[in-house]
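Listed below, chain by chain, are the residues.
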There are 2 protein chains.
Amino acid sequence: MARAKTSHVTPLFSEIAADFRSVVGPDGFLDDRSAMDAYLTESRGLYRGETPLILLPSTTAQVAAILRLCTRYRIGAVPQGGNTGLVGGGVPCSTADRPEVLISARRLNRIRAIDPENFSITAEAGCVLATVQEAAARAGRLFPLSLGAEGSCQLGGNISTNAGGTAVLRFGTMRDLVLGLEVALPDGRVLDSLRSLRKDNTGYDLKQLFIGAEGTLGFVTAATCKLFPQPRTVVTAWLAVSDVRSAIATYAAARDQLGDDLTAFEFANRLTVEFVAKHIPGSHSPLGVASPWYLLVEVSTARLDADLALQVQEFLAKLHATGLIADGVVAASGPQRDALWRLRHSMSEAQKKEGASIKHDVSVPVAGMADFVAQATSLVQGLVPGVRVVAFGHLGDGNVHFNLSQPPGTDSADFLARWSDISHQVHEIAVSLGGSFSAEHGIGMLKVQELASWRGGVPLQLMQAVKRAIDPLGIMNPGKVFPAEF
Amino acid sequence: MARAKTSHVTPLFSEIAADFRSVVGPDGFLDDRSAMDAYLTESRGLYRGETPLILLPSTTAQVAAILRLCTRYRIGAVPQGGNTGLVGGGVPCSTADRPEVLISARRLNRIRAIDPENFSITAEAGCVLATVQEAAARAGRLFPLSLGAEGSCQLGGNISTNAGGTAVLRFGTMRDLVLGLEVALPDGRVLDSLRSLRKDNTGYDLKQLFIGAEGTLGFVTAATCKLFPQPRTVVTAWLAVSDVRSAIATYAAARDQLGDDLTAFEFANRLTVEFVAKHIPGSHSPLGVASPWYLLVEVSTARLDADLALQVQEFLAKLHATGLIADGVVAASGPQRDALWRLRHSMSEAQKKEGASIKHDVSVPVAGMADFVAQATSLVQGLVPGVRVVAFGHLGDGNVHFNLSQPPGTDSADFLARWSDISHQVHEIAVSLGGSFSAEHGIGMLKVQELASWRGGVPLQLMQAVKRAIDPLGIMNPGKVFPAEF
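The structure contained in this document is the topic of the report that follows. (Residues numbered from 1 in each chain as written. Chains lettered and ligands numbered in written order. Predicted model: local features only at pLDDT ≥ 70, side-chain atom pairs only at ≥ 80, totals over all residues. Heavy atoms only, no water.)

**Focus on the overall build of chain A**
Our working rule: In this text, helices come from DSSP runs of H or I with a minimum length of four residues, and strands from runs of E with a minimum of two, each type numbered from the N-terminal end. When accessible area is computed with a 1.4 Å probe and restricted to protein chains, residues below 20% of their type maximum are described as buried, those above 50% as exposed, and intermediate ones as partly exposed. By definition in these notes, contact holds between two residues if any of their heavy atoms fall within 4.5 Å. To measure how exposed things are, a 1.4 Å probe is used in the Shrake-Rupley method; for residues, cover is taken only from the protein chains shown. Neither His nor the chain ends is counted toward charge; the positive residues are Lys and Arg and the negative residues Asp and Glu. Note that the charge is assigned to NZ on lysines, CZ on arginines, CG on aspartates and CD on glutamates.
When you go through chain A residue by residue, the secondary structure sums to 18 helices and 19 strands. Oriented by its inertia axes, the alpha-carbon framework of chain A measures out at about 75 × 55 × 45 Å. Looking at chain A as a whole, 62% of its 486 residues are labelled buried. Considering only contacts within chain A whose residues lie at least 6 apart along the sequence, 75% involve residues at least 24 apart. Accessible area of chain A: about 16600 Å², with a carbon and sulfur share of 54%. In chain A, which carries 44 positive and 47 negative side-chain charges, the distance between the mean positions of the two groups comes to 3 Å.

Written as structure tokens, this is what we have:
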């Protein structure tokens, strides 16, 4: 931001590129167009970036040295993890007069320590999430963060975006899992607070600044995270309910009666499940009769508890008797359970086969979900006759991916051209219900204007004050979260 | 801080007192010395404050108006909750040329909303913690924060100090329980982010700034907090172990085998329990034979689970067979369980009867607790021959209250005069083990110098940058966390 206000003249990047290359050595950079390609395009295809140089540092000291150069030369620094984001947060926007280097965490990929007695793990930012999960499992522990991209997303990206996923109900978002952070600051200082303490009230909790900041305040190089006992007993059910109101009542009753062993409470509408059955080989709806809404409910505990399945079945039978649940099945084996989760995890992929889609990542208080779905459905059907609502997500977190597939036989480009208009109105409904226009995906470039609309005034003023305090030259991830100039 | 650097001349407080009084009306202030007394002294007696005026606003708008006046006149504002702190964080230090008003949250005491389906509650800062717990219970929900002072401490103070207590192992500290905050800022703006969302990635998570900031960045006026299912099955055990190493191994095994239903894992040394038996009427050690260390272990679930007690007993029998546990008893009834918790909650009170005490609120990674206790005990016995170590706390959180009672028959004042020298060396051991010198009590005035010692360099620089960004005139709680001038 302040870059534009100073009298500093940014040199031509070609004149200083060697300085950056010498920090990381010959194996630590890419400047060949074809090699850079995979780093510059997001999976959803909404953004395509530009940069003269991709840096792949392998130590925290290298990251700090890169940022020190960025500060000296007023060069933008764009942190990138596994490049699985959906809002353009890791895409550089280099121009000739405002060069930006992309800094990939890929080679910062060591598990530094696991402490099973302290239930904690310390890992570098570039560790793939699945690798962290596996390292924890080998030590007899659970790292609970779980999301569709876990095979390629990285811990540093999970932290910088405060990732959510399917285990938030019981274990919280990434923010709740971080005990300590190591961060390279824009001016090259390093904040080392990799403590593995459950309690540490020694001044401001600085790590909170960098969690969910989308790389706009510093580069997260490593983290110490909480681990949990591994589940030994897992019960998974697939239920049919007639409406969202019944789904909410089922959730509240399940959490009340089955307790905090309720580890997942997902929901999806009929069309979503039909798309999966249609497009994903080997998948089919587990129930004989179609239903307006489905629930995927999981109850688990680290205890060996032979009675848990029976208790869940009795609970469900009671709700069935009252009419709240229309139908349901409890997985009788690991493979059956896996099949239910495959259904859930295939929803995004299945929707891709139905043409262009406009996606919303909305949260509301759980009790408001029925109103949100009803109002938003009515809105979009009015705006785009024939539009197909593909709604699924994490009901226990009040989080729905309220996605729209284009009407069959219409033009994709025409449909996508209406994204921002439609989204703004959908978000307006969420905000009017006390909700959020970005539950777990973040702001990136996609929602910069939305942030100004819905969090303008005091919240945005405070965010800007924090940004100025930590990154006064606006080096870190320019144009993300905030407009490039403000 | 910046107060000293401006050319602004602070008027005599007597000339502007009427402005403050008119904001809150005749029932909203105290300026009579005897009426003010209870607000100016901390329970431990280490601090006695001074102020010309205590303000008791009853609305957020009044708090904002008070802070606006403080900014206009460069008057310090000292937020206070239930005045149960232990580090001087809520005590004003008014002088003639640097007046400070005390702002009590006492009349901000409404429960604004409870949403059982969303498992959330919205309450004002001055609600007593026990009142919040009771309101949640009436709605069939659990508000898990629990600590000795719960009958008088207030929600706003719990938030501003990131309170811990006995349920942190399972539910986290206060930070983990906050969904949304309403905060009056130093210049009179109000940050309204009282959202009750589990997921909300819309820019920086501003509420994190104010949680644990000890009132140095703003005045927390209300909060939306998470609720949980109420426990229906509770099993509580009292165990004897021969050393801290065995206690740690028991903890790791219990959490691994009994899972996250393990809701408390407390420990205490022999002398602590002897002091309780000696000084607290009606209390006695539950085991026949004395032991170097004791554990209070609780396992609970919201499920009706008749097998849980048996499972815990079998687990303990196995550990007993291996020699890890020397002895133990499982509470067979509610009253037995209450008696065990009374033992735990009486430890501070019992220690008071043994003369002067020097207290440490230390945390280390759980696996490091044996080393900490051994090294710190050896240190203090060398420094003060005959000193009595009263060590107890939350082993599952790696948090020990490593307290020292004066040697019998020595002079209290002489002993207390050595507080800062002894503490600094005890803290040095904690920090060398990756630990913290303030696990849950905070910095206040007591540990300002310790913060500079142990968190100097980059962490303190970042904290100061945040302080300057949010409170540039240094209005909020001067001299707490940071020195009065820096």
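The structure having been displayed, the exposition proceeds.
**Observations regarding the environment of Asp307(B)**
Residues and elements named next belong to chain B. Mapped onto the elements of the fold, Asp 307 is located in the loop between β14 (293–301) and α11 (308–322). Asp 307 gets classed as partly exposed once you look at its relative accessible area, which sits at 38%. For the pair Asp 307 and Thr 233, spaced 74 residues apart in the sequence, the C-alpha separation amounts to 9.6 Å.

**What about helix α9 (residues 244–258) of chain A?**
The α-helix winds at 3.6 residues per turn, so residues separated by three or four positions along the chain end up facing the same way. All names here are of chain A. Our working rule: To estimate how far a helix should extend, the number of its residues minus one is multiplied by 1.5 Å.
Relative to the 21 Å expected for 15 residues at 1.5 Å per residue, α9 spans 20 Å between its end C-alpha atoms, a close match to the ideal helical length. Among all positions in α9, only Val 244, Ser 246, Ala 247, Ile 248, Thr 250, Tyr 251, Ala 252, Ala 254, Arg 255, Asp 256 and Leu 258 are buried. One or two residues past the end of α9 sits Gly 259, with phi positive at roughly 80°.

**With respect to the sheet that holds strand β4 (residues 100–104) of chain B**
All names here are of chain B. The condition is simple: Should DSSP find at least two bridges between two strands, the strands are taken to pair.
Across the sheet, which stays open at both edges, the four strands sit in the order β1-β2-β4-β3 with mixed pairing between neighbours. Of all strands in the sheet, those with a lone pairing partner are β1 (29–30) and β3 (76–80), marking the two edges. Pairing of strand β2 (residues 54–55) with β4, which is carried by two bridges, proceeds in the parallel orientation. Counterpart to Ile 54 in the pairing with β4 is Leu 102.

**Focus: the side chain of Ser346(A)**
Residues and elements named next belong to chain A. Threshold: Polar contacts, as used here, are pairs of N or O atoms within 3.5 Å; protein pairs need one atom able to donate a hydrogen and one able to accept it. Residues neighboring in sequence count only if both atoms are side-chain atoms.
Here Ser 346 shows up in the loop between α12 (334–345) and α13 (347–352). One polar contact links the side chain of Ser 346 to the main-chain carbonyl oxygen of Arg 342, over a distance of 2.6 Å. Ignoring sequence-local partners within four residues, the contact set of Ser 346 consists of Val 276 and Ile 280.

**Description of the sheet that holds strand β10 (residues 219–226) of chain B**
All names here are of chain B. Applied cut-off: Whenever a helix is involved, its axis is fitted only over the stretch in contact; in every case the axis is a line through C-alpha atoms, and angles between N-to-C directions fall within 0 to 180 degrees.
Taken in spatial order, the five strands of this open sheet run β5-β6-β10-β8-β9, and their pairing is antiparallel. Of all the strands in the sheet, the pair left with one neighbour each is β5 (111–115) and β9 (190–193). Strand-to-strand twist across the sheet, computed as the mean angle between neighbouring axes with direction ignored, equals 15°.

**Thoughts on unusual backbone geometry**
Most of the time, phi is negative for any residue but glycine, and the peptide bond is trans. Even without glycine at this site, Phe119(A) takes up a positive phi of about 50°. Mapped onto the fold, Phe119(A) is located in the loop between β5 (111–115) and β6 (120–124). Positive phi outside glycine occurs at Asn83(B), with the angle close to 55°. Along the chain, Asn83(B) falls in the loop between β3 and β4. On the accessibility criterion, Asn83(B) (15% relative accessible area) is buried.

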